[in-house]
Structures are given as C-alpha cells and as structure tokens.
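Close look at the chain arrangement
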Amino acid sequence: MPDKGGELHDTTRGGERILIRRALPGDMALYPDFLAEVSAEDLRLRFFAHVAQLSAEERRKLSHLDYQHEMAFVALDEDTGHMLGLVRLKDELDEQTAEFAILVRSRLKGHGLGWLLMHRVIDYAKEKGLRRVYGDVLAENTAMLQMCEELGFRTLDMGPQFKRLVLDLRNAGGGAAS
C-alpha cells in the first residue's frame, strides 16, 4: 500500500527492492541509463515505431507534467537509485477517461514490476475519480495483453495491428494486493 506521501515500497518476484513514487523533474537525469537497458524491441512495442531514444518533445512532456491532467510514477531500485520502470497517465478532454503508457527495463519483464506500476496508476485513477483508463497496444504485445486481461481490462479490436485495453474503474475490484 502507498504511504501517505504516495510512495510504495515493494519487492518484485525477481527480488528487486523497489520504490514507486511520483515522477519528479529531476528524474530526467535517470532516463539515459534507464533507456539503455530497454531493448529496441521493447521500445518499438511501447512507441509503435523504432526509436533509439526519447525525442526532445517526449523528454519535455515527462519533465514538465501538468499534474492537474497528467501523472507519472517511476519505479526505482532502492539499493542503487536506478530507474527500473515508469507508468504515465494522461487525462482525455472529458476528464473522466485517461490513457496509460508503461515501460520497464527489459531484463525485468516477468518480474512483476509492470503489475506493480499498473496497480499504482489504477489506484491513482480511482483516487482521482476517473471513470476509465485505457491504453493502445500492438496486437503482438502478448505479455501486455495478458497482464491487462488479468487486471480486468476489456480488449477492443482497433484493426489488425492494435488493441485498445479499457478498464472501467467503477466496476473494478479493490486496489493493489498487499
């Protein structure tokens, strides 16, 4: 459970001791090391295109969040301070729906870090009073599709290449498991 400062301390299935907290502008210094540990394939699955690094516009967005309409949480290794993953949530114009995006270090896939980050952002969306969260995912991203199905997301076809994952927060179960 998050403490009153919004921080969550946990351990992944792989044994990594992590801290999940709100992203801060100073976290930008952690991105180069983080992205160096994300495979080109994982970046393609996240950004739907081959990218070598975050664009200047993407870096600007992440370092200057409009906290009224956006939130990002980072997962940090409690022992080294290295960024292990992040999840972002951005409100739609209706202010009842928000889009999520998530990325974790490639070596940590399957360790439960994505699960913990998704629980944190879902809990935040519920606290904020949002009705639903969604994310667009490449149809070939089976790990993400499976995780979101386990979290209660519905899958909508958006053509042969994309799926839209939608979670109705008013019907969703409780928060993250302890």
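Structure report, in brief.

The subject of this paragraph is the overall build of the protein. For the protein, the helix and strand inventory stands at five helices and eight strands. Listing each helix as α and each strand as β along the protein from the N terminus yields β-β-α-α-α-β-β-β-α-β-α-β-β. Taken over 178 residues, the protein has a buried fraction of 46%. When contacts within the protein are restricted to residue pairs at least 6 apart in sequence, long-range pairs at least 24 apart make up 62% of them.

Overall, the coordinates contain eight salt bridges when judged by the stated rule. Linking Asp-27 and Arg-21 is a salt bridge whose minimum nitrogen-to-oxygen distance equals 2.8 Å. Between Asp-136 and Arg-164 there is a salt bridge, with the nearest N and O atoms lying 2.6 Å from each other. Taken together, the residues span a long stretch of sequence, with Asp-136 in strand β6 (residues 132-138) and Arg-164 in strand β8 (residues 162-168) at a distance of 28 residues. Exposure remark for Asp-136: the relative accessible area of 25% places this residue in the partly exposed category.

This part is about the side chain of Glu-70. By secondary structure assignment, the location of Glu-70 is in strand β3 (residues 70-77). Its relative accessible area of 10% is what places Glu-70 among the buried residues. Polar side-chain contacts of Glu-70 include one of 3.0 Å to the side chain of Arg-88. Not counting the four nearest positions on each side in its chain, Glu-70 is found in contact with His-64, Leu-65, Arg-88, Leu-89 and Lys-90.

Another point: the packing of helix α4 (residues 113-128) against helix α5 (residues 142-150). Closest axis-to-axis distance for the α4/α5 pair is 11 Å, and the angle between their directions is 50 degrees. As far as their axial angle goes, α5 and α4 are oblique. For the crossing formed where α4 meets α5, the hand is right-handed. Between α4, through Gly-114, Trp-115 and Met-118, and α5, the contact on the second element is made entirely by Met-144, Met-147, Cys-148 and Glu-150. Tallied by class, the residues present in the contact of α4 with α5 amount to five nonpolar, one polar and one charged.

Throughout the structure, instances matching the rule amount to two aromatic pairs. With a centroid separation of 5.7 Å and 70 degrees between ring planes, the pair formed by Phe-73 and Tyr-124 is classed as edge-to-face. Taken together, the positions of Phe-73 in strand β3 and Tyr-124 in helix α4 put the pair 51 residues apart, joining distant regions of the chain. Both rings, one in Phe-100 and one in Phe-153, keep their centres 5.6 Å apart while their planes meet at 65 degrees; by these two values the pair is edge-to-face. Separated by 53 residues along the polypeptide, Phe-100 in strand β5 (residues 97-104) and Phe-153 in the loop between α5 and β7 (154-157) bring together distant segments of the chain. Note on accessibility: Phe-100 and Phe-153 belong to one class, buried.

Taken together, the eight strands give an open sheet; going across it, the order is β1-β2-β3-β4-β5-β6-β8-β7, and neighbouring strands pair in mixed fashion. The open sheet terminates on both sides in strands that have one partner only, identified here as β1 (8-11) and β7. Between one strand and the next, the sheet's axes are offset by a mean angle of 25 degrees, whatever the strand orientation. Along the sheet face, α5 touches β5, β6 and β8 and points at about 20 degrees away from the line of β8.

Our next topic: the nonpolar core. Core analysis: the largest hydrophobic core is formed by 34 residues, its most contacted members being Leu-89, Met-118, Met-144 and Phe-153. Among the elements of the structure, β2 (17-22), β3, β4 (83-91), β5, α4, β6, α5 and β8 are those that each provide at least two residues to this core. Top contributing element to this core by residue count: α4, with eight residues. Among the nonpolar cores identified, the runner-up in size contains 15 residues, and Met-28, Phe-34, Ala-72 and Leu-86 belong to it.

Rules and cut-offs
Residues numbered from 1 in each chain as written. Predicted model: local features only at pLDDT ≥ 70, side-chain atom pairs only at ≥ 80, totals over all residues. Heavy atoms only, no water. Helix = DSSP H or I, 4+ residues; strand = E, 2+ residues; numbered from the N terminus. Buried < 20%, exposed > 50% of the residue type's maximum accessible area, 1.4 Å probe, protein only. Contact = heavy atoms within 4.5 Å. Salt bridge = Lys/Arg side-chain N within 4 Å of Asp/Glu carboxyl O. Polar contact = N/O pair within 3.5 Å; in protein donor to acceptor, adjacent residues only side chain to side chain. Axes fitted to C-alpha atoms, helices over the stretch in contact; angles between N-to-C directions. Parallel < 35°, antiparallel > 145°, perpendicular 65-115°, else oblique. Left-handed = near helix turned anticlockwise from the far one by under 90°. Nonpolar A, V, L, I, M, F, W, Y, C, P; charged D, E, K, R; others polar. Phe/Tyr/Trp six-rings, centres within 6.5 Å; stacked < 30°, edge-to-face > 60°. Pairing = 2+ DSSP bridges. Core = buried A, V, L, I, M, F, W, Y, C linked by side-chain atoms within 4.5 Å.

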